[in-house]
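# Observations on the three-dimensional arrangement
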Amino acid sequence: MLIGVPKEIKNHEYRVGLTPASANELIHHGHQVMVQTQAGMGIGMDDAAYQAVGAEIVATAEAIFERAEMIIKVKEPQPNECRMLREGQLLFTYLHLAPDPTQTEMLVASGVTAIAYETVTDKRGGLPLLVPMSEVAGRMSIQAGAMCLEKSHGGAGLLLGGVPGVAPANVVVIGGGVVGTNAIRMAMGLEAHVTVLDRSIERLADLDLQFGGRLNTIYSTKEALEEYVLNADLVVGAVLVPGAAAPKLVTREMLGRMKPGSVLVDVAIDQGGCFETSHATTHADPTYIVDNIVHYCVANMPGAVARTSTFALNNATLPFALALANKGYPKALSDDPGLLAGLNVHKGRVTYEAVAHDLGYDYLPAIEALSI
Ligand SMILES: NC(=O)C1=CN([C@@H]2O[C@H](COP(=O)(O)OP(=O)(O)OC[C@H]3O[C@@H](n4cnc5c(N)ncnc54)[C@H](O)[C@@H]3O)[C@@H](O)[C@H]2O)C=CC1
Ligand SMILES: CC(=O)C(=O)O
Ligand SMILES: [Mg+2]
């Protein structure tokens, strides 16, 4: 199979779809890999590193999109990339369609077969291609939140861990999944006072076992959420309903009752965000203030630590990329229900139920779509 890797073009996005080692693996299995010139520069990999494993360096994204049978990316295709996609072509990347009607419309119109990293599942129902980036973003959320709490960023002027004689900050994590667990770990490492809210008792029980009495675990109800958010210095939004738009858990009205200079870090922003006042920001301009509350809502947080993130992402994506390339998508998808769960759009049809529901498309189950 001819596989193409374009350079990422989202704002401050430095990750790349394949590392040279992953390209090497695909080439070893008899495939051809084209990489756009300079695509790996953000992770410290120059064109020569890809050429050394037998990849072809191509001058433009247009050439990649025109020739490749499978395109491997990191971020959702931007509008000028969507326009280059076509029927019969396979796209393997993050999509986050539910909060993105424009991209969905363009993918549907293109006829492309689009597999979203974030909805591929494993045998236990986990999200193996979201996990590595959630680990990164969860860890980063505390770094970002700590920075936002500084006065120069509009924060209350608090140090997360306090100092002897001065109380630490209150960190509230909403959603104790992968992002949440990693945020908790970093916040506890910095000696903040940490509370997690989740509506899954099993998650709270796991977290209680993992972190013991130093972590406050709370079942998430409207009332509990309000109580803890109003008392927080830093709130991390880390909920997920897979594939669907995030529920809005913190309302604008609540902001006025929070402590001025408190910080909201909405990691769930790539699914539309879980705070009513969230809108996506970029690494170039990551924060804004509403009602004295600092908002950090970067939708591609791991892009800032592109080297760590690209290697972590490739560790997870490579086995699936190999299956798609070796077997072709019809067999790879029908052999593996977890990979099939990644199929979001195929030949003009929406094949992921939550996306169809949230955006008002007719839903065609992925398994049925394979025979059209
Ligand atoms: N902004 C960025 O750069 C990145 C964003 N993300 C996003 O972070 C979000 C979280 O991802 P993961 O931690 O991997 O998901 P996860 O599935 O591991 O965890 C989500 C948790 O939220 C809980 N939850 C769901 N609805 C809830 C509610 N109404 N109240 C309380 N808890 C609720 C679930 O029980 C689960 O424990 C996703 O939207 C993901 O796409 C992930 C990586 C990077
Ligand atoms: C998961 C995601 O949206 C990211 O890594 O950018
Ligand atoms: Mg994102």
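Scoring rules and cut-offs
- Residues numbered from 1 in each chain as written.
- Chains lettered and ligands numbered in written order.
- Predicted model: local features only at pLDDT ≥ 70, side-chain atom pairs only at ≥ 80, totals over all residues.
- Heavy atoms only, no water.
- Donors = N, O, S within 2.8 Å, 3.2 Å for Na, K, Ca; no water.
- Helix = DSSP H or I, 4+ residues; strand = E, 2+ residues; numbered from the N terminus.
- Buried < 20%, exposed > 50% of the residue type's maximum accessible area, 1.4 Å probe, protein only.
- Near = heavy atom within 4 Å.
- Polar contact = N/O pair within 3.5 Å; in protein donor to acceptor, adjacent residues only side chain to side chain.
- Areas by Shrake-Rupley, 256 points an atom, 1.4 Å probe, with all protein chains shown as cover.
- Nonpolar A, V, L, I, M, F, W, Y, C, P; charged D, E, K, R; others polar.
- Phe/Tyr/Trp six-rings, centres within 6.5 Å; stacked < 30°, edge-to-face > 60°.
- UniProt positions renumbered as here; feature names shortened; annotations may be inferred.
- Contact = heavy atoms within 4.5 Å.

Our next topic: the coordination of the magnesium ion (ligand 3). On the protein side, the magnesium ion (ligand 3) has Lys-75 (NZ) and Ala-299 (O) as donor atoms, found 1.9 to 2.7 Å from it. Note that Lys-75 is positioned in the loop between strand 4 (70-72) and helix 4 (79-82) and Ala-299 in the loop between strand 13 (293-296) and helix 11 (306-327), a separation of 224 residues in sequence. Across the pair, Ala-299 and Lys-75 agree in class, each one buried.

For the rest of this paragraph, the subject is the site of ligand 2. Neighbouring ligand 2 are the residues Arg-15, Lys-75, Tyr-94, His-96, Leu-130, Met-133, Asp-270, Ala-299, Asn-300 and Pro-302. Within the side chain of Arg-15, a nitrogen or oxygen atom sits 2.7 Å from an oxygen atom of ligand 2. Here an oxygen atom of ligand 2 sits 3.0 Å away from a polar atom, N or O, in the side chain of Asp-270. In isolation ligand 2 offers 210 Å² of accessible surface; the protein chains occlude 96% of this area. Split into classes, the residues belonging to the shell around ligand 2 amount to five nonpolar, two polar and three charged.

What the rule picks out here adds up to two aromatic pairs. Ring geometry for Phe-92 against Tyr-117: centres 4.8 Å apart, planes inclined by 90°, an arrangement best described as edge-to-face. Of this pair, Phe-92 sits in strand 5 (residues 90-93) while Tyr-117 sits in the loop between strand 6 (113-116) and helix 6 (131-148); the two residues are 25 residues apart in sequence, bridging distant segments of the chain. Classification of Phe-92 by relative accessible area gives buried; the value is 0%. Owing to a relative accessible area of 0%, Tyr-117 belongs among the buried residues under this scheme. By way of ring pairs, the aromatic residues Phe-92, Tyr-94 and Tyr-117 are connected into one cluster.

Right, let's talk about the UniProt feature "active site" (unreviewed entry) in the chain for a bit. If you check UniProt for "active site" (unreviewed entry), the listed places come out as His-96 and Asp-270 in our numbering. The greatest C-alpha distance among the residues just named is 6.4 Å, despite their covering 175 residues of sequence, which places them together in space. Its place among the elements puts His-96 in the loop between strand 5 and helix 5 (101-110). For His-96, a relative accessible area of 6% puts it in the buried group. Aside from chain neighbours lying at most four places away, what touches His-96 is Lys-75, Glu-76, Gln-103, Glu-118, Asp-270 and Gln-271. Looking at the element boundaries, Asp-270 is found in the loop between strand 11 (263-266) and strand 12 (287-290). Residue contacts for Asp-270: discarding those within four places in its chain leaves His-96, Pro-99 and Ala-299.

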